[in-house]
Structures are given as structure tokens and as C-alpha cells.
Amino acid sequence: MEEYLQNIERLSQNTDCVFREEEDGAFLFDPESGNLKFINGMGVNIYQLCDGNMTVGDITSLVSENYKDISGKKIEDDVKIFLQELVKMEFLKKEEAGNDGK
Amino acid sequence: MTGNNAEYQLNSIYLYLTDRCNLRCRHCWIEPLYYEGREDNSSEFDLRSLKKAIEDAKEIGLNRVKLTGGEPFLRRDILDIVAYLHAQNITVDIETNGTLIDKEIVEALKVNCVNQVSVSLDSMTEEQHEIFRGVKGCYHDAVKGLSLLAGSGINTQLIMTLYKENVSEIERLVELSSRMGVGSVKINPVMPTGRGKRFFEKEENVEFGDLIKIDRWIEEELMSKYKIDIHFDIPIGLKSLKCIRTRQLFECNLFNIIGILSDGTISLCGIGQTETALNMGNIAVDDIREVWANNPILRKVRTDIPRNLEGICSRCIFKFRCRGACRACAYGLTGSLNSPFFVCHEAYEKGLFLESRMIN
């Protein structure tokens, strides 16, 4: 069973993977596993917020501010599903508990 | 991937029914013998050997066979083979020049639920098609064959081989296909293998930059204008972002395919007709399961692709998906299964390969 992301978790980009922007989005590619994913413009914004400092909760709050006509719960669910997928594909890493990301 | 046999299923066989052809196509990579008659050829594999190979291959995953050639309908027992494959619950696709198709054949293909028949047509101009295909009268026969197939409800595909002189025919052929009820159009730029080498020597092939422009034009204009599937066969690394995101692309399932040549030789695909070093046995004497499991060429392919691809293919972010496009063509050009695919190599050399699709 997949572990659900918690609001207090911090995520950072896997620097072994490559990020290539193109038109209205970007490709994420892991040269080792071959994993490849295209993310759209919003996905790029969310991915770039994963700096090891911001929590998942911080990120969903920031996204919510830009989509006031959509319920906060819906945005939180969608952002978490997106981030969970990037974690599963190893484009993002969870920061160890206790590491404040600084 | 370790190259361990257990990881790979043999899903598909390219079955080259004959090495004879009733046309003399200027580009053909197989270079079949020109032959007008329909008599059986003693050098072609027999039905008993084929049945043994199919039944063995089913045990390791076989579910699809593409019948090709030479011209497959020159082989007298083709309809027996189609019926046998259907009885074995194998999906059957056929590639033909269309010139020998008649009502009786169409009916037999329908009865045996053939999945798709692809017919070659390169121009709406009779003279141009016939100069390219090398035989007078073949244009009308091909159009008639295509019409009979499309009219019968069989899933039909028009295959166009593209070179410099027939670029202006693309839209005309797409329009014809749309009007006839053909299911899809596949456009294959001529390759520098077999007889196709001469196109490149004489610079009759479409320029690499123009291939990319044609791809975008098809995606942005032609597809919406005619509402028909058009597959332009260039590697994914050169495709538009929209195409990559929204369309199913043709990719060689290199790890799940094997070729059986007309004399029963087992090879990587049709390349074995000219590159005999890629041959791995013969269905008359060898067990296809054993070949699939242990042949050193297949083991090398499974180990090397995509990890040991060379040149631009080693740097492409799509290499795990594309697997170097056509490895047979790469081998035919360089003698190496790992060498870069020539279209991407040339695009890279000319600065046409997007930086965003490369790793260092």
C-alpha cells in the first residue's frame, strides 16, 4: 500500500535526474532507471517549489492562493497525488525526519 | 534489465513468406527476386515447420504475426497460413503491394478476421508510382486492391514511402485514403539500406530538416483537415511535444519481436536477408524457444539496448522508449547494433536535435 504524503513532509529534487523545460512544460528523466515524465506548466511550478525547505502543506497553500475558485481540499488532494507520483518515480526525495532542510 | 531470457516474451513474429516480388521497388531494403508467377518455390519454408515454430512460440508469448515478403500474396498457401494463424488465436497483419488482391482474397481475409492490411502506394500519379515501383501497370492494380480492402470493412492502411520527389503527394494520398475509408496512413521516409542506399547517394532522400518540418505540418494541419490517423515515421526525439503527449507513436518492440525469413531462417527481422551475421537458426531444424532464450545476438541486444547505445542515441532522454529507433538499419549502415540511428545523428550534426531532449 502506498504511503500517503503528510503535510509536514519536505521534498527535494533528485539531482541525479534531469529536468528539461520545453514549450509549456518540462520532461523529467532518470538516466539510470529510464523513468520519463512530462509535467505541464503548473507541474513545473510545483516541482520547483520542492527545495527541501517547503513542506507539502506550504506548497498546497501556495497553489490554493492561485486557484481561489477551487476548494482547498480538492487542490490538496491533486497536489499530493502529483507529488506522490514524482516520489514514486524517484524524481523527488523525501527529506529525512528531523532534517530541517536548511 | 539484465538480458535474462525470463524477462522477455516473444510477442510478435515478422514472417517473410517469400523472397519473390512482382515489383521492382527502387527503395526496397529486402531486395527480393523479381518474379511474376505464383508457383511455389522449393526454397521457401514448409507449413509443417511453420506450425511447429508458431506453436512453440505461443508458449513464450506469441500473439501477433505480420505477414510480409517479398510480396506475400505470391505465396500460393498464404490463405492457408492466414487460416491457421486465425485458428491459433494469433492476430494477423499483412503488408502487401496490393496488386494481387481480388474479391476472393478479401473475402478469405475477412473470414479469418485479419487485423490490418497495409498497401503500398507512393503517388496519385500513375507514372510516378510505377517508376518508383519498377513495373508498368502496378498503379491501377494497387489502387484496386486498396479499394477492395477498404470497401470490405477490413482495417486497411496506406503505406507511402517518402523521398524528395513525392513530398507533394502526401496530401493527395491522405485525401484519397480519407475518401476511400482507409483506416490510417503511414509515411516511411526512404532508408539508406538495401536498394535505398542509391537514394542517398543521389541525394533523392528528403533533407533531415525537411523531415521535421513535414512532421509538424502533418500534426498541425493535415491531421485536423482530414480526420484520419497519419503516422509519420521519424524517431520520437524529433517529434513535436504535442505529438509525444497525445498520440500513440510507432515504436519497434525490439525486445519482443523476431523475424522468420522465407527460407525459414530466424533473424532479428528482415535485415537477415542482407545481413546474414544476424541470422540465428532455421525453423526447419531449430527450436524457436531455444533460440529466443539463448541466442548470443538476442542476449547482446537485451544487454546493450539502450544502455550501450552510442552517439546521440546515448544522450537522448527517450532512449529507453525509442531504443535507438531501427536497430536493423543501424546495423546495416555501420555493422554495429549500438550505433546511433542515422536520422537522429544527422539531425544532431545539423543542430536540429533539441537541447531539451539531450543529457550530457
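Conventions used here
- Per chain, the residues get numbers from 1 upward, laid out in the order the sequence is written.
- The order in which chains are written sets their letters, starting at A; the order in which ligands are written sets their numbers, starting at 1.
- pLDDT decides what is reported in this predicted model: residues at 70 or higher carry local features, side-chain atom pairs at 80 or more are listed and counted, and totals for whole chains, interfaces and linings draw on all residues regardless.
- Excluding hydrogens and water, the side-chain figures rest on all heavy atoms present in the structure.
- Throughout, exposure labels follow a simple rule: accessible area from a 1.4 Å probe, protein chains only, divided by the maximum for the residue type, with under 20% read as buried, over 50% as exposed, and the rest as partly exposed.
- Numbering of helices and strands runs from the N terminus; a helix is a DSSP stretch of H or I covering at least four residues, while a strand is a stretch of E covering at least two.
- Two strands qualify as a pair provided that DSSP identifies no fewer than 2 bridges between them.
- Take a side-chain nitrogen of Lys or Arg and a carboxyl oxygen of Asp or Glu: if they are within 4 Å of each other, that pair is a salt bridge.
- Any pair of residues with heavy atoms lying within 4.5 Å of one another is described as a contacting pair.
- Pairs of N or O atoms within 3.5 Å make up the polar contacts considered here, provided that, within protein, one atom can donate a hydrogen while the other can accept it, and that residues adjacent in sequence are counted only when both atoms are side-chain atoms.
- Side-chain classes follow a simple rule in which Ala, Val, Leu, Ile, Met, Phe, Trp, Tyr, Cys and Pro form the nonpolar group, Asp, Glu, Lys and Arg form the charged group, and the remainder, Gly included, forms the polar group.
- Between N-to-C directions, angles cover 0 to 180 degrees, with each direction set by a line fitted to C-alpha atoms, over the stretch in contact for helices.
- Under the pairing criterion, centres of Phe, Tyr and Trp rings, with the six-membered ring standing for Trp, must be within 6.5 Å; the plane angle then separates stacked pairs below 30 degrees from edge-to-face pairs above 60, leaving the rest tilted.
- Sitting over a ring, as applied to charges here, requires NZ of Lys or CZ of Arg to be within 6 Å of the ring centre and within 35 degrees of the ring normal.
- In these notes, a set of buried Ala, Val, Leu, Ile, Met, Phe, Trp, Tyr and Cys residues joined through side-chain atoms within 4.5 Å is what counts as a nonpolar core.
- Throughout, the term roughly parallel applies to angles under 35 degrees, roughly antiparallel to angles over 145, roughly perpendicular to angles from 65 to 115, and oblique to all others.
- Less than a right angle of anticlockwise turn of the near helix away from the far helix marks a crossing as left-handed, whereas a clockwise turn marks it as right-handed.

Engineer: I tried to follow the pairing of strand β3 (residues 25-29) of chain A on my own but got confused; where do I start?
Structural biologist: A regular strand places its side chains on the two faces of the sheet in alternate fashion. Residue and element names in this part refer to chain A. The buried count for β3 comes to five of five residues, which makes it a mostly enclosed element. Because side chains alternate across β3, one face comprises the buried residues Gly 25, Phe 27 and Phe 29, and the other comprises Ala 26 and Leu 28, equally buried. Here strand β2 (residues 18-22) pairs with β3 via five bridges, running antiparallel. Residue Glu 21 lies in a different strand from β3, and its bridge partner there is Ala 26. Connecting the antiparallel pair β2 and β3 is a turn made up of two residues, with Glu 23 showing a positive phi of about 40°.

Engineer: Mind showing me how you'd approach the pattern of salt bridges here?
Structural biologist: Two side chains of opposite charge can pair, provided their charged atoms sit close to one another. As enumerated under the stated definition, the model contains 30 salt bridges over all chains in all. A salt bridge links Asp77(A) to Lys73(A); its shortest N-O distance comes to 2.9 Å. Remark: Lys73(A) and Asp77(A) occur in helix α3 (residues 72-88); sequence separation between them is four residues, near one turn of the helix. We classify Asp77(A) as partly exposed; its relative accessible area is 23%. Taking relative accessible area as the criterion, Lys73(A) reaches 54% and is therefore assigned exposed. For Glu59(B), the salt bridge goes to Arg289(B), with nearest N and O atoms at 2.7 Å. Of this pair, Glu59(B) sits in helix α1 (residues 47-59) while Arg289(B) sits in helix α10 (residues 288-294), and the two are 230 residues apart along the sequence. Residue Glu59(B) is classed as exposed on the basis of its relative accessible area, which comes to 55%. Here Arg289(B) falls in the partly exposed class, since its relative accessible area comes to 26%.

Engineer: Would you mind going over the interface of chain B and chain A with me for this structure?
Structural biologist: The extent of an interface is frequently quoted as the accessible surface area lost upon association of the parts. With 15 residues of chain B in contact, the opposing surface of chain A contributes 14 residues. Our count for the chain B to chain A interface comes out at three salt bridges. The residue Arg307(B) makes a salt bridge to Glu32(A) at a minimum N-O spacing of 4.0 Å. Here chain B and chain A share four residue pairs in polar contact (both at pLDDT 80 or more) between them. Counting only elements with at least two residues in the side of chain B that touches chain A, the list comes to α9 (241-246) and α13 (319-322) of chain B. For the side of chain B that touches chain A, the element with the highest residue contribution is α9(B), accounting for three residues. Among the residues making up the side of chain B that touches chain A, the classes are represented as nine nonpolar, one polar and five charged.

Engineer: Is there a simple way to explain the environment of Ala328(B) in this structure?
Structural biologist: Residue and element names in this part refer to chain B. Tracing the backbone through its elements, the reader meets Ala 328 in helix α14 (residues 327-334). Counting along the chain gives 53 residues from Ala 328 to Glu 275, while the straight-line C-alpha distance between them is 9.0 Å. If we skip the residues at most four places from it in the chain, Ala 328 touches Trp 29, Cys 269 and Ile 271.

Engineer: Honestly, the sheet that holds strand β1 (residues 10-13) of chain A in this entry has me stumped. Any pointers?
Structural biologist: Pairing between the strands of a sheet comes from backbone hydrogen bonds, and it takes one of two forms, parallel or antiparallel. Residues and elements named next belong to chain A. Reading across from one edge, β5-β1-β6 is the order of the three strands in this open sheet, with antiparallel pairing throughout. Each end of this open sheet is capped by a strand with a single partner; those strands are β5 (51-55) and β6 (92-94). Between one strand axis and the next, the sheet turns through 30° on average, direction left out of account. Looking at chain direction, β1 and β5 are connected through two bridges and run antiparallel. In the strand pairing of β5, Ser 12 is matched with Asp 51.

Engineer: So what exactly am I meant to see when it comes to the packing of aromatic side chains here?
Structural biologist: Two descriptors summarise a pair of aromatic rings, namely the distance from one centre to the other and the angle between the planes of the rings. Tallied over the entire structure, the rule returns 11 aromatic pairs over all chains. Relative to Tyr47(A), the ring of Phe19(A) lies with its centre 5.1 Å away and its plane at 15°, an arrangement referred to as stacked. Taken together, the residues Phe19(A) in strand β2 and Tyr47(A) in helix α1 (residues 41-49) connect sequence positions 28 residues apart. An aromatic cluster is present here, built from Phe200(B), Phe208(B), Phe341(B) and Phe342(B) joined pairwise through their rings. Across from the ring centre of Phe45(B), 4.4 Å away, lies the NZ or CZ of Arg75(B), which sits over that ring.

Engineer: How should I be thinking about the nonpolar core in this particular structure?
Structural biologist: If you look at soluble globular proteins, the nonpolar side chains tend to sit buried side by side. In this structure, Ile13(B), Leu15(B), Leu67(B), Leu109(B) and Ile258(B) are the most contacted members of the largest nonpolar core, which totals 123 residues. Per element, the largest residue contribution to this core is eight residues, and it comes from helix α8 (residues 208-226) of chain B.

Engineer: Just to check I follow, could you spell out the packing of α1(B) against helix α2 (residues 78-87) of chain B for this structure?
Structural biologist: Residues and elements named next belong to chain B. Contact pair α1 / α2: the axes reach a minimum separation of 12 Å and the direction vectors enclose 25°. Taken together, the axes of α1 and α2 are roughly parallel relative to one another. With respect to the hand of their crossing, α1 and α2 are arranged in right-handed fashion. Along the contact surface, α1 presents Leu 47, Leu 50, Lys 51, Ile 54 and Glu 55, while α2 presents Asp 80, Ile 81, Tyr 84 and Leu 85. Of the residues belonging to the contact of α1 with α2, the class tally is six nonpolar, no polar and three charged.

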